[in-house]
Structure formats: structure tokens, C-alpha cells
Amino acid sequence: MNLWLLIILTLTLQEGLSVIAVLVKAYQLHYSLWIIHLIWFVVTVAQIGIGYVFGKWLKKRYTGMKFERWIDRQAKKLEASIHSSGENVALMFLSSIISPFFAAFLAAWLDITFLNVFMFSLLGDFFWYVSTWAYVLGATAILAKAKYGLLIVLALALVLVIISHYRKSKTL
């Protein structure tokens, strides 16, 4: 099987050990890290979008059914307990431990805007992705290759600035 296809499939499924194994092999064969990062980004954005749309569609399709009413009650309880900043943290955490598709799908049942779901799911999955590369390269290799560490920090800082700007404009 073509390793590029395998990279796409494992980044889509996001099963920890298989992703690490495939990324180690790609790294050993000197595959372009930039293309792998781009694949991760495209796959993650697609999963968030598809998961959110599918969750909204399913919610609308089963409106009024017993299961949907139960989910709605549970979602309202969850929303009341975590409030707005808590939902963002919960989305980041959820996206860092499960696929962004499922995080977006679950968030679609809550009254969370797509922009918030997108930003915080992407950020959470970014944490997962960076930690996966830490396993692949090893902590000492990440420190030795400071330029990649710097790029990761700059990318994370950019994401945080965008989120901060969005939050400020939302409160005005």
C-alpha cells in the first residue's frame, strides 16, 4: 500500500499506535514533513466540518424522538455545568483524546457555534498532533531540532492570538 495513502488513513482514524508507527516510517524514509502536516490539517478540518454537519443533520432528523429528547436534556445539563469558557476547554480536551470528527459531532448537539467548535477542536487536535510527533521524534530530538520547535510555538501562538481576537470581538 502506498505510504501516503496509509498516512492519510491513519491521520483520519487517529488511532495512537498506528499513527506513530506510520509517521516513524515516513520520517525514516525522509518523506516531506510539510506535506504530512498539510495532510493532518486538511483531514482535521474536514473531520470537524463533516462531524458538525452530520451531528446537526442527525439532531434535526430525529427531533421529538425519545432518544433525541434524552440527549437534549443531557446536553442542557452539560451546558449549564460548564458554561461558555468551560465548553471551549472541554472541546479542546475532547479533541485531543478522540477524533475531531466525534468531538464536532458531539458538539453539534450542544448550542455551540461552528466557529467555536472549529477553533477549539482544531486547537485540541493540534495538541494531539504535536504530542504524537513528540513520540515519533523523541523529546531529545525535538529539543535538538529547535527550528521545528520554534515553528510549533509560533503556530500555536498564532492560533492563540486568533482565538483571543475572536473572543474580544465577540464580547464587544
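Our structure is the block above this text.
These numbers were taken from a predicted model, which means no experiment stands behind them.

(A) Structural context of the overall build of the protein chain. Secondary structure assignment for the protein chain yields 8 helices and 0 strands. The order of helices and strands in the protein chain, counted from the N terminus, is α-α-α-α-α-α-α-α. For the protein chain, with 172 residues in total, the buried portion stands at 37%. Sequence-distant contacts, at least 24 apart, represent 82% of the contacts inside the protein chain between residues at least 6 apart. In the form shown here, the protein chain has an accessible surface area of approximately 10,300 Å², with 75% of it arising from carbon and sulfur atoms.

(B) Representation of the packing of aromatic side chains. Enumeration according to the criterion identifies 13 aromatic pairs in this entry. On the basis of an interplanar angle of 50° and a centroid distance of 4.7 Å, the ring pair of Trp4 and Tyr31 is categorised as tilted. Here Trp4, found in helix 1 (residues 3-13), pairs with Tyr31, found in the loop between helix 2 (16-28) and helix 3 (33-61); they are 27 residues apart in sequence, far enough to count as distant. Among the residues examined, Tyr31 registers a relative accessible area of 22% and is labelled partly exposed. When the centroid spacing of 6.4 Å and the interplanar angle of 15° are considered together, the rings of Phe101 and Phe105 count as stacked. With Phe101 and Phe105 both in helix 5 (residues 100-108), this residue pair falls 4 residues apart, about one helical turn. Grouping aromatic residues by their ring pairs yields a cluster made of Tyr27, Trp40, Phe41, Phe126, Trp128, Tyr129 and Trp133.

(C) Structural detail: the side chain of Thr132. Tracing the backbone shows Thr132 in helix 6 (residues 114-137). Here Trp128 takes part through its backbone oxygen, which lies 2.9 Å from a polar atom of the side chain of Thr132. Setting aside chain neighbours within four positions, we find Thr132 in contact with Val19, Ile20 and Leu23.

(D) Expanded view of the side chain of Thr10. One can find Thr10 in helix 1. Looking at Thr10, its side chain comes within polar contact range of the main-chain oxygen of Ile7, at 3.1 Å.

(E) Local environment of the environment of Glu15. If you trace the backbone, Glu15 turns up in the loop between helix 1 and helix 2. According to the relative accessible area criterion, Glu15 is partly exposed, its value standing at 42%.

(F) Representation of the packing of helix 3 against helix 5. Packing of helix 3 against helix 5 brings their axes to within 7 Å, and their N-to-C directions diverge by 30°. Crossing of helix 3 over helix 5 shows right-handed handedness. The segment helix 3 lies against helix 5, with Thr44, Gln47, Ile48, Ile50, Gly51, Tyr52, Phe54, Gly55, Lys56, Leu58 and Lys59 engaging Pro100, Phe101, Ala104, Phe105 and Ala108. Along the lines of polarity and charge, the residues of the contact of helix 3 with helix 5 split into 10 nonpolar, 4 polar and 2 charged.

Calculation rules
- In every chain, residue numbers begin from 1 and rise along the written sequence.
- With pLDDT at 70 or above as the cut-off, local features in this predicted model cover only qualifying residues; side-chain atom pairs require 80 or more to be listed or tallied, and sums for whole chains, interfaces and linings still use all residues.
- Processing note: side-chain calculations cover all non-hydrogen atoms of the structure and skip hydrogens and water entirely.
- By the criteria applied, helices consist of DSSP H or I runs no shorter than four residues and strands consist of E runs no shorter than two, each listed in order from the N terminus.
- To sort residues, take the accessible area from a 1.4 Å probe on protein chains only and compare it with the maximum for the residue type: under 20% means buried, over 50% means exposed, and anything in between is partly exposed.
- We call two residues contacting when some pair of their heavy atoms lies within 4.5 Å.
- Exposure was quantified through the Shrake-Rupley algorithm and a 1.4 Å probe, taking into account, for residues, occlusion by the shown protein chains and nothing else.
- Any Phe, Tyr or Trp ring, taking Trp's six-membered ring, that has another such ring centre within 6.5 Å forms a pair; planes under 30 degrees apart are called stacked, those over 60 apart edge-to-face, and the others tilted.
- Two N or O atoms form a polar contact when they lie within 3.5 Å of each other; inside protein one atom must be a possible hydrogen donor and the other a possible acceptor, and for residues adjacent in sequence the pair counts only when both atoms belong to side chains.
- Axis geometry follows a simple rule: fit a line to the C-alpha atoms, using only the stretch in contact for helices, then measure angles between N-to-C directions, giving values from 0 to 180 degrees.
- Left-handed describes a crossing in which the near helix is turned anticlockwise from the far one by less than a right angle; the clockwise case is right-handed.
- Classification convention: Asp, Glu, Lys, Arg as charged; Ala, Val, Leu, Ile, Met, Phe, Trp, Tyr, Cys, Pro as nonpolar; all other residues, Gly among them, as polar.

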